[in-house]
Amino acid sequence: MIALKTYLRYLLKNKLYTSITVLGFAMSITFVMLLSVYIQHELSVDDFHENKDRIYRLENETVDFSPPIAVDLKNSIPEIEDFTRVYNESGRIFVTDGQKVKFDYLGVDASFFNIFSFPLLKGEAKDVLQTADGIVLSQSIALKLFGTVDPIGKVVFMGAENKFMVTGIMEDFPENTHFAKQDALVNLKAFKKIYDFENLLEEYGWCSLSTYFLAKANSDLPSKAPEILKNFKKDFWLYTEGWAKTVEFTPLKDIYFSTKEGSGTKSASKTLITVLSVIVLLILLLAVGNYINLTIAQATFRGKEVAIKKLLGSSKRELLLQFIMESVFLCFAAVLLSLILAKIVEPYFDSLLNTRLSLNESLNLTNSIILIGIFGLIGLLSGIVPALKISSFKPIEVVKGSFRTKSKSVYAKAFITFQYTVTIALLACSWVILKQTDFLRNKDLGFQKDNIVHLEYLSTTDKKKVVKNALLQIPGVDDVSITWQSPLSGGSNQTFDTNGKSVSFQEFAVDSSFFKVFDIKVKSTGVGYSNKGMYLNETAIKELGLNGNALSFKMEDKEIPILGVVRDFNFKELRDNIGPLMIRQQSAGFQAGDIFLKINNKNTLETIGKIKTTYASLIGNAEFDTKFVDETINQWYLKEEKTGKIIGYFTLLSFIISFLGILAMSTFYMQQRKKEIGIRKVNGATIAQILSLLNKDFLKWVGLAFLIAVPISWVAMGRWLENFAYKTNMSWWVFALAGLTAFAIALLTVSWQSFKAAGANPVESLRNE
């Protein structure tokens, strides 16, 4: 108790040391805590499923398979206990005379709730999806449609002809699953009627489903992949024509981090989790290293205390224990402060990572014990090195005053180098990521994306002309195009044979205004109008082996007129190169999915308001969203922007820790050299000479850090940019600016302390010495 009181007096007396140590530790622990909760949350995705160790998703180069494949494999592979296919769709759902509510839903097999452990609030897992006209609603959508009335047995509609009976209510899908939030589930058989295709589930050509298998207990389903691949290469067109070459069974726990996104799923980057884990480790190392460095630097000013205790009979073991306990005490003080800081910054953290951490729920009894144990251990480890250093003081050296000259250890120099290596590397990486994100958002895509409003087409096929004409009457609307697929959706895949060669194209169907609305350049071939004619992009012409003057191409056994050659434009995210594209014409009976309105930039808000009012009157009581094309495209790169911001924030934290560390180190360093500075000034040294002498000792280590950080960050960013077909340049100035920024902050910090030391009265310095 006496030792603790002595230590508290020491902390209060040395406010700079105390503030920097506790604040630096607390800030570091805050972010380590929040990041650790986030990482734990991400790694626990799908842990709640009882069958999690037996569930696999069938994959090739993608995750898309045709409906009969699941049945074929179930009948031929004894290791398979059950399966469910999954298909994602969206639309409008409503009750009689109710609002048509926008919703997302999955088509699945009746076994879905037996394979996955999503809780049902009403209904039995084995019964709710048995019929083609049954539907399971989420708790949220049920409340929206029916309020507090029991919805079981009630009827809902998806379009005038698709009627469903509510057979179950499920809890909303939780955040910790790889499935995206869904409002309802229906049996896959329902799509026979929805798509008006009776043999849909027997169609091998419709490769749009994700397929999940439940393996029998103690079986090895993945080992069957080579056998399945061998059979697929014999009789499954996707493999016989060379579009797929692999088969694998991906365990449920790996799906969330897969780069292959399936129907109705979401994913996360395993690389980001690895980066964040490394950042957690680096922050801990910086915080612990800072504490060790500061404590050792401050140790010289506790020499008299140690000498007196040793002369009074204290053993090295007692002193060692004292200083370790001090370290643990300081660590727990920082932990308490960090809990307060964590609650303050939690909302900003949730927004940045697009998650909900729920820190209060995460800090349960078990996690609290783990937290106390981990940071108690950190306090223990952080205190060992300084404790060994301090407890090894020799009283006679302290009395003679010779100890301080020996305390210029290598710890400070090595740690300053490490700190600034991390800081410069993080700063350079965050700037490269943000530079790439800016490049992606501002690259010329080959079409006009500004001042174009996007609506989902919600009317019937026969009303396309009526809808278009009504929207064209709105002041401020220059043109309107109705399409099926678009540059925002990436098109629908169309695989066909041409002259004995199988090719895969993306496909749009557009009206005559499409090219004008998007300002897409088209070179006419001079072919006379034909309702069967198509437009091909330049990449499609090359893929077909045609020249620019070709008038037609072979599609299966038909000769298709080429109405024009479209200049290549990007219709997918810029991670991918431009692929072959064919553009059909929107005939009167062809389905439509999108409306694009070219507006002028005058009275934009008023124009948008009129668009909403007019469109609402055309489609009845249905929910719809109004979006701008450029905003939608910007959304494509939120993941990159988020990564850049995350690294940027931790770069800022690294700068703060480094600043606090070098500030304290320079302060104690100047105190140790007061006598030397006084003697130099007495002998005629100028303030500039002393500043140069004192600063260069610190700045040369920052320079060394720059030399280490540049190649590390250059290689890391080079590998990251390989994920993009279109990428920014790795500009040398980004790395130079990162180094100069770190150098400037270090110079200003050290110079501040150096100037104070150099400007001090030498008489006072020598008298005190």
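Below or above, wherever it landed, is the structure these notes cover.

Rules used in this analysis
Residues numbered from 1 in each chain as written. Predicted model: local features only at pLDDT ≥ 70, side-chain atom pairs only at ≥ 80, totals over all residues. Heavy atoms only, no water. Helix = DSSP H or I, 4+ residues; strand = E, 2+ residues; numbered from the N terminus. Buried < 20%, exposed > 50% of the residue type's maximum accessible area, 1.4 Å probe, protein only. Contact = heavy atoms within 4.5 Å. Areas by Shrake-Rupley, 256 points an atom, 1.4 Å probe, with all protein chains shown as cover. Lys, Arg positive; Asp, Glu negative; His and termini not counted. Charge placed at Lys NZ, Arg CZ, Asp CG, Glu CD. 1 Å grid on protein atoms, 1.4 Å probe; cavity = no way out; pocket = protein on both sides within 12 Å on 5 of 7 lines; lining within 4 Å. Points joined across faces, edges and corners; volume = space filled by probe spheres on them. Nonpolar A, V, L, I, M, F, W, Y, C, P; charged D, E, K, R; others polar. Expected span 1.5 Å × (residues − 1). Arc of directions from axis to C-beta. Patch = residues over 30% accessible without salt bridge, like charges linked within 9 Å, V, L, I, M, F, W, Y side chains within 5 Å. Salt bridge = Lys/Arg side-chain N within 4 Å of Asp/Glu carboxyl O. Phe/Tyr/Trp six-rings, centres within 6.5 Å; stacked < 30°, edge-to-face > 60°. Lys NZ or Arg CZ within 6 Å of the ring centre and 35° of its normal. Polar contact = N/O pair within 3.5 Å; in protein donor to acceptor, adjacent residues only side chain to side chain. Bend = angle between axes of the 7 residues up to and from the residue. Pairing = 2+ DSSP bridges. Axes fitted to C-alpha atoms, helices over the stretch in contact; angles between N-to-C directions. Parallel < 35°, antiparallel > 145°, perpendicular 65-115°, else oblique. Left-handed = near helix turned anticlockwise from the far one by under 90°.

### What to know about the overall build of the protein
Counting its secondary structure elements, the protein contains 27 helices and 21 strands. Reported as C-alpha extents along the three principal axes, the dimensions of the protein are approximately 100 × 60 × 55 Å. The buried share of the protein, taken over its 769 residues, is 50%. Summarising the internal contacts of the protein: among those between residues at least 6 apart in sequence, 80% fall at separations of at least 24. As displayed, the protein has an accessible area near 36100 Å², and 57% of this comes from carbon and sulfur atoms. Placing the 85 positive and 75 negative side-chain charges of the protein at their respective mean positions leaves the two points 13 Å apart.

### A closer look at the environment of Ala342
With respect to the helices, strands and loops of the structure, Ala342 is situated in helix H12 (residues 316-353). Discounting chain neighbours no more than four positions away, the residues touching Ala342 are Thr30, Met33, Leu34 and Leu359.

### Some thoughts on empty space enclosed by the protein
Applying the stated criterion across every chain yields a total of four cavities of 30 Å³ or more. By volume, the second largest cavity is sized at about 60 Å³. Residue assignment for the lining of the second largest cavity shows that the elements contributing at least two residues are helix H2 (15-43) and helix H10 (270-299). The element best represented in the lining of the second largest cavity is H2, accounting for five residues. Residue composition of the lining of the second largest cavity, by class: six nonpolar, four polar and no charged.

### Observations regarding the side chain of Thr607
Tracing the backbone shows Thr607 in helix H21 (residues 604-619). Among all residues touching Thr607, those that are not within four sequence positions of it are Ile474, Pro475, Gly476, Val477, Ile599 and Lys602.

### Topic: H21
With 16 residues, H21 ought to run about 22 Å at 1.5 Å a step, and its terminal C-alpha atoms sit 22 Å apart, in line with that. Among the residues making up H21, those that are buried are Thr607, Ile608, Ile611, Tyr615 and Ile619. The arc enclosing the buried residues of H21, seen along the axis, measures out at 95 degrees, which places them on a common side. Across H21 from its buried face, at more than 90 degrees, point the exposed residues Leu605, Thr613 and Ser617. Where H21 is buried, its residues contact strand E11 (452-456), helix H18 (464-472), strand E12 (477-484), strand E20 (594-599) and strand E21 (627-628). Positive backbone phi, at 80 degrees, marks Gly620, one or two positions downstream of H21.

### Remarks on a nonpolar patch on the surface
On the surface, a nonpolar cluster with roughly 410 Å² of combined accessible area is contributed by Leu377, Leu380, Leu381, Ile384 and Leu388. The topology assignment puts Leu388 in helix H14 (residues 365-391). The exposure class assigned to Leu388 is partly exposed, which follows from its relative accessible area of 42%.

### Section: the packing of aromatic side chains
Taken as a whole and judged by the stated rule, the model has 48 aromatic pairs. For the pair Phe112 and Phe179, a centre-to-centre distance of 5.9 Å together with 65 degrees between the ring planes defines the contact as edge-to-face. Here Phe112, found in helix H4 (residues 112-115), pairs with Phe179, found in the loop between strand E7 (163-170) and strand E8 (184-187); they are 67 residues apart in sequence, far enough to count as distant. With respect to burial, Phe112 and Phe179 carry one shared label: buried. Taken together, a centroid distance of 6.3 Å and an interplanar angle of 85 degrees make the contact between Tyr195 and Trp206 edge-to-face. Residue Tyr195 is located in the loop between helix H6 (190-194) and strand E9 (210-215), and its partner Trp206 is located in the loop between H6 and E9; the two are separated by eleven residues in the primary sequence. Cluster of aromatic residues (ring-pair linked, three or more members): Phe447, Phe508, Phe514, Phe515, Phe518, Tyr535, Phe569, Phe571 and Phe596. When the ring centre of Phe94 is taken as origin, the NZ or CZ atom of Lys100, which lies over that ring, is 5.6 Å away.

### What to know about the side chain of Asn570
Mapped onto the elements of the fold, Asn570 is located in the loop between strand E18 (558-566) and strand E19 (581-585). Taking relative accessible area as the criterion, Asn570 reaches 4% and is therefore assigned buried. There is a polar contact of 3.4 Å between the side chain of Asn570 and the side chain of Tyr726. With near-sequence residues (within four places) excluded, Asn570 lies in contact with Lys443, Asp444, Leu445, Phe447, Pro487, Asp576, Ile578 and Tyr726.

### A word on H12
The end-to-end C-alpha separation of H12 is 48 Å, well short of the 56 Å expected for 38 residues at 1.5 Å each. Along H12, the largest kink reaches about 50 degrees and is centred on Val345; proline Pro347 follows within four residues of it. Among the residues trailing H12, Asn354 stands out with phi positive, at a value near 50 degrees.

### Considering the pattern of salt bridges
Within the structure shown, the criterion is met by 25 salt bridges. Residue Arg57 pairs with Glu59 through a salt bridge whose shortest N-O separation is 2.8 Å. Note on Glu59: relative accessible area 2%, which makes it buried. Between Lys521 and Asp519 there is a salt bridge, with the nearest N and O atoms lying 3.0 Å from each other. The network of salt bridges with common partners includes Arg57, Glu59, Glu248 and Lys260.

### A word on the pairing of strand E16 (residues 534-537)
In the sheet, E16 pairs with E18 via four bridges, with the strands oriented parallel. Within E18, the position partnered with Asn537 by the bridge is Val566. Sheet topology note: the E16/E19 ladder contains two bridges and is antiparallel. The residue bridging Tyr535 from the neighbouring strand is Ile583, located in E19.

### Concerning the environment of Leu12
In this structure, Leu12 sits in helix H1 (residues 2-13). By relative accessible area, Leu12 is classed as exposed at 60%.

### Topic: the packing of H18 against H21
Where H18 contacts H21, the two axes come as close as 10 Å, and the packing angle between them is 160 degrees. Here H18 is positioned roughly antiparallel relative to H21, judged by the angle of their axes. Seen from above, H18 lies across H21 with right-handed handedness. Along its contact with H18, which presents Val467, Ala470 and Leu471, the element H21 presents Thr614, Tyr615 and Leu618. A class-by-class count of the residues in the contact of H18 with H21 yields five nonpolar, one polar and no charged.

### What to know about a negative patch on the surface
On the surface, Glu241, Asp497, Glu556 and Asp557 cluster together into a negatively charged patch. Tracing the chain through its elements places Asp497 in strand E13 (residues 492-498).

### So, the environment of Trp733
Its location among the elements puts Trp733 in helix H26 (residues 732-758). Remark: the alpha-carbon pair of Trp733 and Ala428, spanning 305 residues in sequence, is separated by 9.7 Å.

### Focus on the pairing of E7
In regular strands, side chains alternate between the two faces of the sheet. Pairing analysis gives two bridges linking strand E4 (residues 120-122) to E7, with the strands arranged antiparallel. Across the sheet, Leu120 pairs through a bridge with Met170, a residue of E7. Alignment of strand E6 (residues 155-157) against E7, held across three bridges, turns out to be antiparallel. Across the sheet, Phe157 pairs through a bridge with Lys163, a residue of E7.

The values are spatial; any link to function lies outside them.
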